[in-house]
Amino acid sequence: MPAAADFTTIDAVRNFNRFYTNFLGVLNKAYLDSPYTLTDVRVLFEVGFRGGVAASALTRELHLDPAYLSRIVKRFREDGLVETTPDPTDARSQVIKVTDKGQAQFEEFVRRSRAQIAGYFEKLAPGEPERVVAAMQTIQETLGPDRTEAPRVIIRNHRPGDIGWIVQSQARFYTEEFGWDDRFEGLVAEVAGKFLSNFNPQKDRCWIAERGGLNVGSAMIADGGDGVAKLRLLYVDKSARGLGLGKMLVDECIRFSRDAGYRTLSLWTNDILDTARAIYIKAGFKLAAEEKHRMFGPELNGQTWELDL
């Protein structure tokens, strides 16, 4: 049985499905002010776009019952929208093609559909149509049946808006996972704000890990003075765990710090963050100091680790 949190996610999908079927008019008997249903029009779309298609292919790709498709095609044929011929590759099937009348009807449906969508988008604020389309692309790319592999991860420099994402994502994660209070978000916001205020591209750097257009990780190097670089705000989103992303980000931090002329790379963490500590140890960091604290609510053991560059 799924956990309670999973039910929340599943119910959110079900709620979206109800909204979107109503939005599309799936249950309407007349679609796009025509005497046809959405399924009827979808069939005509497929035949019109392809210039002809085998009935067996339509039943398979649209998940339609053959008898149901046969009734739709029969109606279209009676209305003069399509014509059929035997399928030379399958004696049990037939090839469906639009007539001139059917082509005109198909083009009219395309025009009406575009006008309908344009009408929805005209009511939105600038930038919102692009957000809607991006969300649709994400759903299609993530859940599509032809997806063969997960989107690759890229590591890039930060852009406007990324620092705000770092504060939001880390505050949410550590609050939910470890019960840390608002003071942690305050600390992250302070570190992030100072990074932007004092940013020197020769000595400071922020990396964002991006996967499929979404931010899934981050790390910063800030000038700590006296030849010391500080590794700050290493983070990997749950969705990207197990990809070696934490190591990739730490390697970038080490490489940049050496190239920038720092002699020491220092970081502060807490010993309950086992995965991050393992990355630091493997990279050659040595424990320099530790102390108990309650900076974020629960008692924690803070640790300072250093790497001689």
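Owing to the predicted nature of the structure, the values given are computational and were not obtained by experimental measurement.

Novice: What am I meant to see in helix 2 (residues 38-50) here?
Specialist: An α-helix turns once per 3.6 residues; consequently, residues spaced three or four apart project the same way. Here helix 2 contains 13 residues, and its C-alpha end-to-end distance of 18 Å stays within 8% of the 18 Å for a straight helix at 1.5 Å per residue. Three or more residues of helix 2 are buried, namely Asp40, Val41, Val43, Leu44, Phe45, Glu46, Val47 and Gly48. Those residues of helix 2 that are buried lie in contact with strand 1 (53-54), helix 3 (55-61), helix 4 (66-78), strand 2 (82-86), strand 3 (94-98) and helix 5 (100-122). One or two steps after helix 2, the chain reaches glycine 51, where phi turns positive at roughly 75 degrees.

Novice: Help me out: how do you make sense of unusual backbone geometry in this one?
Specialist: Most peptide bonds adopt trans geometry, and most residues besides glycine take a negative phi value. In this structure, aspartate 226 is a non-glycine residue whose phi angle is positive, near 55 degrees. Along the chain, aspartate 226 turns up in the loop between strand 6 (214-223) and strand 7 (228-236).

Novice: Help me out: how do you make sense of the packing of helix 7 (residues 162-178) against helix 8 (residues 182-197) in this one?
Specialist: Axes are the key here: two packed helices are described by the angle between their axes and the distance separating the axes. The interhelical angle for the contact between helix 7 and helix 8, taken along N-to-C directions, is 160 degrees, at an axis separation of 9 Å. Relative to helix 8, the element helix 7 lies roughly antiparallel. When you trace helix 7 past helix 8, the crossing you get is right-handed. For the pair helix 7 and helix 8, the contacting residues are Ile163, Ile166, Val167, Gln170, Ala171 and Tyr174 in the first and Phe184, Glu185, Val188, Ala189, Ala192, Phe195 and Leu196 in the second.

Novice: Explanation requested: the sheet that holds strand 3 in the structure shown.
Specialist: Sheets are built from strands paired through backbone hydrogen bonds, the pairs being either parallel or antiparallel. Across the sheet, 3 strands lie side by side as 1-3-2; this open sheet has antiparallel pairing. The open sheet terminates on both sides in strands that have one partner only, identified here as strand 1 and strand 2. Summarising the sheet, strand 2 and strand 3 pair through 5 bridges and their orientation is antiparallel. The residue bridging threonine 85 from the neighbouring strand is valine 95, located in strand 3. Contacting strand 1, strand 2 and strand 3, helix 2 crosses the sheet at an angle of about 85 degrees to strand 3.

Novice: In this structure, what is going on with the pattern of salt bridges? I would like to understand it.
Specialist: Pairing of side chains with opposite charge becomes possible as their charged atoms draw close. A full pass over the atoms with the stated rule returns 18 salt bridges. Across the salt bridge formed by aspartate 162 and arginine 156, the nearest N and O atoms sit 2.7 Å from each other. A relative accessible area of 6% means that aspartate 162 is categorised as buried. A salt bridge links glutamate 190 to lysine 194; the shortest N-O distance between them is 3.2 Å. Of this pair, glutamate 190 and lysine 194 both sit in helix 8, 4 residues apart, roughly one helical turn. You can call glutamate 190 partly exposed: its relative accessible area is 42%.

The rules behind the values
- Residues numbered from 1 in each chain as written.
- Predicted model: local features only at pLDDT ≥ 70, side-chain atom pairs only at ≥ 80, totals over all residues.
- Heavy atoms only, no water.
- Helix = DSSP H or I, 4+ residues; strand = E, 2+ residues; numbered from the N terminus.
- Expected span 1.5 Å × (residues − 1).
- Buried < 20%, exposed > 50% of the residue type's maximum accessible area, 1.4 Å probe, protein only.
- Contact = heavy atoms within 4.5 Å.
- Axes fitted to C-alpha atoms, helices over the stretch in contact; angles between N-to-C directions.
- Parallel < 35°, antiparallel > 145°, perpendicular 65-115°, else oblique.
- Left-handed = near helix turned anticlockwise from the far one by under 90°.
- Pairing = 2+ DSSP bridges.
- Salt bridge = Lys/Arg side-chain N within 4 Å of Asp/Glu carboxyl O.

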